[in-house]
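Analysis of the macromolecular model
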Amino acid sequence: MRAAGGEAATARAFPWEAVLDAGLGRLRLHPHVFWGLSLVEFAAMAGAFAPRSARLSRAGLEGLMREYPDVADGGSPPSVTA
C-alpha cells in the first residue's frame, strides 16, 4: 500500500494489551460494555481528549522549594543543587 506521497505505508499493530488493561483493569468496565464502545467513546473515557497539564520546569520546582521549604524545628532548608 502506498501513502499519498508515494511512500510505502507502514502499519503498526493495534495495542490490544494496553487497551484491554485500560478498559477492563483501570476503568473497570464490564466486558459487555467494553466491547460495545466505539474507539472514539473508549478514547474519551480513557482521557485521550482531556487537556494536558503543563509540566513543571526545573526553575518552577526551585521556586516552589524556596517558597515552601521543608524545614523542621527552625532549621535551615536543604540547599538546591543542579
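Attention in this report is confined to the structure presented alongside it. Note that the structure is a prediction, hence the values are computed from the model and not measured.

What about the environment of Leu-37?
In this structure, Leu-37 sits in the loop between α2 (31–36) and α3 (39–45). Among the residues examined, Leu-37 registers a relative accessible area of 21% and is labelled partly exposed. Sequence-distant contacts of Leu-37, defined by excluding residues within four places in its chain, comprise Leu-29, Phe-42 and Met-45.

Remarks on the pattern of salt bridges
Summed over the entire model, instances satisfying the criterion amount to two salt bridges. In this structure, the salt-bridge partner of Arg-26 is Asp-21, at a minimum N-O distance of 3.0 Å. Arg-26 sits in the exposed class, given a relative accessible area of 67%. The salt bridge involving Arg-58 is made with Glu-62; its shortest N-O contact spans 3.1 Å. Placement of the pair is Arg-58 and Glu-62 together in helix α4 (residues 58–67), with a separation of four residues, close to one helical turn.

Parameters at a glance
Residues numbered from 1 in each chain as written. Predicted model: local features only at pLDDT ≥ 70, side-chain atom pairs only at ≥ 80, totals over all residues. Heavy atoms only, no water. Helix = DSSP H or I, 4+ residues; strand = E, 2+ residues; numbered from the N terminus. Buried < 20%, exposed > 50% of the residue type's maximum accessible area, 1.4 Å probe, protein only. Contact = heavy atoms within 4.5 Å. Salt bridge = Lys/Arg side-chain N within 4 Å of Asp/Glu carboxyl O.

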